[in-house]
Amino acid sequence: QVQLVESGGGSVQAGGSLTLSCTASKYTYTNNCMGWFRQAPGKEREGVASIYTGDGDTYYADSVKGRFTISQDNIKNTVFLQMNSLKPEDTAMYYCAARTGYGGRCLARPDGLQTHIFGHWGQGMQVTVSS
């Protein structure tokens, strides 16, 4: 079964930084889509960022653009989310996700990522930003 193992969550003061990591195993990582999502209490799940592993093409939600950076280590099948200038509104459970199937682009729409194409999910990590 596909495994997505996450690390790096925690608590930080506003303006601080955190880096999340997600390592995929038993998964066709090449030429596929990996993403980061988050969900705060009372809100819908939001696609934060994605990366197409084939050429490194990225997508960012407007709410994090300019502050967050998604990157990858293809040899280790690992994706990262570098989060800088964190704000209290970034507080949420963060999930790593991988697209279903053996390959495909991230297919981001103007209004965000299509959650339904991501069939594999990490366990989730709490990120708390205090003011």
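Report follows, based on the coordinates. Note that this is a predicted model, so its numbers are computed, not measured.

The next subject is the sheet that holds strand 7 (residues 68-73). Strand order across the open sheet formed by four strands is 1-3-8-7, with antiparallel pairing between neighbours. A strand with exactly one partner marks an edge of an open sheet, and here the two such strands are strand 1 (3-7) and strand 7. When strand polarity is set aside, the average angle formed by the axes of neighbouring strands in this sheet is 20 degrees. Here six bridges tie strand 7 to strand 8 (residues 78-83), and the two strands are oriented antiparallel to one another.

Evaluated as defined, the whole model comprises three aromatic pairs. Each ring, one from Phe37 and one from Phe118, has its centre 5.1 Å from the other, and the planes form 75 degrees; the classification is edge-to-face. With Phe37 in strand 4 (residues 33-39) and Phe118 in strand 10 (residues 118-121), this residue pair connects regions lying 81 residues apart in the sequence. The exposure class assigned to Phe37 is buried, which follows from its relative accessible area of 0%. Counting every residue linked through ring pairs, the aromatic cluster contains Phe37, Tyr95, Phe118 and Trp121. One residue, Arg45, lies across the ring of Trp121, its end atom 4.9 Å from the ring centre. The ring of Tyr52 is capped by Arg105, whose NZ or CZ atom sits 4.2 Å from the centre of that ring.

Within the secondary structure, Asn32 sits in the loop between strand 3 (18-25) and strand 4. For Asn32, the side chain forms a polar contact with the main-chain oxygen of Thr28, separated by 3.0 Å.

Turning our eyes to something else, we now look at the state of the cysteines. Here, disulfide denotes a covalent bond that connects the sulfur atoms of two cysteines. Following the criterion strictly, the structure yields two disulfides and no others. Residue pairing for Cys22: its cysteine sulfur links by disulfide to Cys96, the two sulfurs lying 2.0 Å apart. One disulfide, between Cys22 and Cys96, carries an S-S torsion of -75 degrees and so falls in the left-handed class. With Cys22 in strand 3 and Cys96 in strand 9 (residues 92-99), the pair connects residues that are 74 residues apart, well separated along the chain.

Definitions and limits used
- Residues numbered from 1 in each chain as written.
- Predicted model: local features only at pLDDT ≥ 70, side-chain atom pairs only at ≥ 80, totals over all residues.
- Heavy atoms only, no water.
- Pairing = 2+ DSSP bridges.
- Helix = DSSP H or I, 4+ residues; strand = E, 2+ residues; numbered from the N terminus.
- Axes fitted to C-alpha atoms, helices over the stretch in contact; angles between N-to-C directions.
- Phe/Tyr/Trp six-rings, centres within 6.5 Å; stacked < 30°, edge-to-face > 60°.
- Buried < 20%, exposed > 50% of the residue type's maximum accessible area, 1.4 Å probe, protein only.
- Lys NZ or Arg CZ within 6 Å of the ring centre and 35° of its normal.
- Polar contact = N/O pair within 3.5 Å; in protein donor to acceptor, adjacent residues only side chain to side chain.
- Disulfide = S-S within 2.5 Å.

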